[in-house]
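# Working through the structure, step by step
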Amino acid sequence: MNYVKNQLIAMRSNLLKEIEGINPELMDVQPEGFNNTIHWHIGHVLTAAEKFLLNSSSNLPESYSQLFGYGSKPANWTGDVPSVEVLKQQLHEQLDRLLEIPEERLTEKTAQPFNGMETVGEFINFVVLHETNHIGQIHAMKLFIQSKN
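Residues numbered from 1 in each chain as written. Predicted model: local features only at pLDDT ≥ 70, side-chain atom pairs only at ≥ 80, totals over all residues. Heavy atoms only, no water.

## A closer look at the packing of helix H1 (residues 2–19) against helix H5 (residues 120–148)
Packing of H1 against H5 leaves a shortest axis separation of 10 Å and a crossing angle of 15°. Here H1 lies roughly parallel to H5, going by the angle between them. Pair H1 / H5 crosses with left-handed handedness. Residues Val4, Gln7, Leu8, Met11, Arg12, Asn14, Leu15, Glu18 and Ile19 of H1 form the contact with H5, whose participating residues are Ile124, Val127, Val128, Glu131, Ile135, Ile138, His139 and Lys142. Here the contact of H1 with H5 is built from residues that sort into 10 nonpolar, 3 polar and 4 charged. (Axes fitted to C-alpha atoms, helices over the stretch in contact; angles between N-to-C directions. Helix = DSSP H or I, 4+ residues; strand = E, 2+ residues; numbered from the N terminus. Parallel < 35°, antiparallel > 145°, perpendicular 65-115°, else oblique. Left-handed = near helix turned anticlockwise from the far one by under 90°. Contact = heavy atoms within 4.5 Å. Nonpolar A, V, L, I, M, F, W, Y, C, P; charged D, E, K, R; others polar.)

Here you go:
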C-alpha cells in the first residue's frame, strides 16, 4: 500500500507544484489551440478523482460535474464557479481522503466498471495517469501563455 500512497502523494504534489505561483490572471486564459483553461484542468482532476475513487462519500458540490466533468468547458460556465484557491484547498483535503483508502479495498470490485477497469486499485492507477496527463496540459498551457505575455 505504501507504493499506492506514494503514487497518490507524488501525483498531487506534482500538480500543486505545477500550479504554484501562476499569476491568477492567467488561470482563466484559454490559449489558441487549447480546449480549456488551467482553472478548468484543476477542477477537472479534482472532480474526476472524487468521481472514480470517492463517489460514495463525495465532498464536492453537485455543480462540479457540470463545471468540470468530461465534455465540460469554461465557455459554458454559469452560476457560482469555485475559485482556484478553493479548488487548491479541496485538492489538499481530497488527498487526505484518498490516502485513507484501506489496502484491502484495492482488489474490491467497483459497482460501475469503466474502460475495462473493475477494481479500486485499477481506478487508482487510472486516476494517477489521468491527473499526470492534465499536469502536462497545465505545464504546456502555462509555458504558452507566459510566452505570449
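## Section: the side chain of His134
Here His134 shows up in helix H5. When its relative accessible area of 8% is taken as the criterion, His134 is described as buried. In this structure His134 touches Trp40, His41, His44 and Val45, once residues within four positions along its chain are discounted. (Buried < 20%, exposed > 50% of the residue type's maximum accessible area, 1.4 Å probe, protein only.)

## Quick notes on the pattern of salt bridges
With the rule as written, the count across this model stands at 6 salt bridges. The salt bridge involving Glu131 is made with Arg12; its shortest N-O contact spans 2.8 Å. In this pair, Glu131 sits in helix H5 while Arg12 sits in helix H1, placing the two residues 119 residues apart along the sequence. Arg105 serves as the salt-bridge partner of Glu108, at 3.3 Å between the closest nitrogen and oxygen. Residue classification places Glu108 among the partly exposed residues on the basis of a relative accessible area of 37%. (Salt bridge = Lys/Arg side-chain N within 4 Å of Asp/Glu carboxyl O.)

## Details of H1
Between its first and last C-alpha atoms H1 spans 26 Å; for 18 residues at 1.5 Å apiece the expected length is 26 Å, and the two agree. Among the residues making up H1, those that are buried are Val4, Leu8, Met11, Arg12, Leu15, Leu16, Glu18 and Ile19. Along the axis of H1, the buried positions cluster into a sector of 170°, meaning they face one direction only. Looking at H1, the residues exposed on the side facing more than 90 degrees away from the buried face are Asn2, Tyr3 and Lys17. Lining the buried residues of H1 we find helix H2 (38–53), helix H4 (84–99) and H5. (Expected span 1.5 Å × (residues − 1). Arc of directions from axis to C-beta.)

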